[in-house]
Amino acid sequence: RIMMQTLVDRASRPVKFWLLANFLSPSFRDAIPRLASHIGCQIETVQYAWPEWLRPQTEKQRLIWGYKILFLDVIFPLSVRKVIYIDADQIVNGDVSELWDRDLGGAHVAMTPFCLDH
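Residues numbered from 1 in each chain as written. Predicted model: local features only at pLDDT ≥ 70, side-chain atom pairs only at ≥ 80, totals over all residues. Heavy atoms only, no water.

### Points about the overall build of the protein
Turning to step 1, where the next piece is worked out: In terms of helices and strands, the protein carries 5 helices and 2 strands.
Turning to step 2, where the next piece is worked out: For the protein, the succession of helices and strands along the chain, N to C, is α-β-α-β-α-α-α.
Turning to step 3, where the next piece is worked out: If one aligns the C-alpha atoms of the protein with their principal axes, the spans along those axes are about 40 × 35 × 35 Å.
Turning to step 4, where the next piece is worked out: When each of the 118 residues of the protein is scored for burial, the buried share is 26%.
Turning to step 5, where the next piece is worked out: In the protein, the share of contacts with a sequence separation of at least 24, taken over all contacts with a separation of at least 6, comes to 60%.
Turning to step 6, where the next piece is worked out: Accessible surface for the protein amounts to roughly 9100 Å². Of this, 55% is attributable to carbon and sulfur atoms. (Helix = DSSP H or I, 4+ residues; strand = E, 2+ residues; numbered from the N terminus. Buried < 20%, exposed > 50% of the residue type's maximum accessible area, 1.4 Å probe, protein only. Contact = heavy atoms within 4.5 Å. Areas by Shrake-Rupley, 256 points an atom, 1.4 Å probe, with all protein chains shown as cover.)

### Here we look at a nonpolar patch on the surface
Turning to step 1, where the next piece is worked out: Judged by side-chain polarity, Trp65, Ile69 and Leu70 come together as a nonpolar surface patch covering roughly 350 Å² of accessible area.
Turning to step 2, where the next piece is worked out: Tracing the backbone shows Trp65 in helix α3 (residues 60–70). (Patch = residues over 30% accessible without salt bridge, like charges linked within 9 Å, V, L, I, M, F, W, Y side chains within 5 Å. Salt bridge = Lys/Arg side-chain N within 4 Å of Asp/Glu carboxyl O.)

### Looking at the nonpolar core
Within soluble globular proteins, side chains that are nonpolar generally end up buried alongside one another.
Turning to step 1, where the next piece is worked out: Core analysis: the largest hydrophobic core is formed by 16 residues, its most contacted members being Met4, Leu7, Phe17 and Ile43.
Turning to step 2, where the next piece is worked out: Within the residue set of this core, elements represented by two or more residues are α1 (2–10), β1 (16–20) and α2 (26–39).
Turning to step 3, where the next piece is worked out: Dropping the residues within four chain positions of it, Leu7 is found in contact with Val15, Phe17, Ile86, Val92 and Val96.
Turning to step 4, where the next piece is worked out: Residues Leu20, Val46, Trp50 and Ile75 belong to the second largest nonpolar core, which totals 7 residues. (Core = buried A, V, L, I, M, F, W, Y, C linked by side-chain atoms within 4.5 Å.)

### Points about the packing of aromatic side chains
Turning to step 1, where the next piece is worked out: If you walk through the whole model with that rule in mind, you get 1 aromatic pair.
Turning to step 2, where the next piece is worked out: Look at Trp18 and Phe76: their rings are 5.7 Å apart centre to centre, the planes differ by 80 degrees, and that puts the pair in the edge-to-face class. Separated by 58 residues along the polypeptide, Trp18 in strand β1 and Phe76 in the loop between α4 (72–75) and α5 (97–101) bring together distant segments of the chain.
Turning to step 3, where the next piece is worked out: The positively charged end of Lys82 is found above the aromatic ring belonging to Trp100, 5.6 Å away from the centroid. (Phe/Tyr/Trp six-rings, centres within 6.5 Å; stacked < 30°, edge-to-face > 60°. Lys NZ or Arg CZ within 6 Å of the ring centre and 35° of its normal.)

### Concerning the side chain of Thr6
Turning to step 1, where the next piece is worked out: Secondary-structure assignment places Thr6 in helix α1.
Turning to step 2, where the next piece is worked out: Within the structure, Thr6 has its side chain in polar contact with the backbone oxygen of Met3 (distance 3.1 Å).
Turning to step 3, where the next piece is worked out: Beyond its immediate sequence surroundings of up to four residues, Thr6 is in contact with Gln90, Ile91 and Val92. (Polar contact = N/O pair within 3.5 Å; in protein donor to acceptor, adjacent residues only side chain to side chain.)

### Observations regarding the pairing of β1
Turning to step 1, where the next piece is worked out: Bridge count for β1 against strand β2 (residues 42–46) is 5 bridges, and the pairing is parallel. When the sheet's bridge partners are listed, Trp18 is paired in β2 with Glu44.
Turning to step 2, where the next piece is worked out: Regarding topology, α2 serves as the crossover connection from β1 to the parallel β2, and that connection is right-handed. (Pairing = 2+ DSSP bridges. Right-handed = clockwise from strand over helix to strand, strands pointing away.)

Below, the structure written as structure tokens:
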């Protein structure tokens, strides 16, 4: 929740979060409308079934990593034109609109520099 709150607090425009429903408890799913109201954002869920042709994973953490890395381009509805992925344990220190508005020059994936400023 800290990432969500810090992102919304620093955002210059409305924010929408997408959560993987595959890993949410029923009680958390029920709490999503209250969480969205409390934080001041939109929250929707997406679900994706692990492909049968891909080796099954038994560890939950590996499943989560697989979903966020391997399937990022197919998890969301086609109407979603851009996604900014931020790990849930991060604190957002600036407005992500700068990332959203950045022209990727035709690239499909981009990453921010990591720890260039010490």
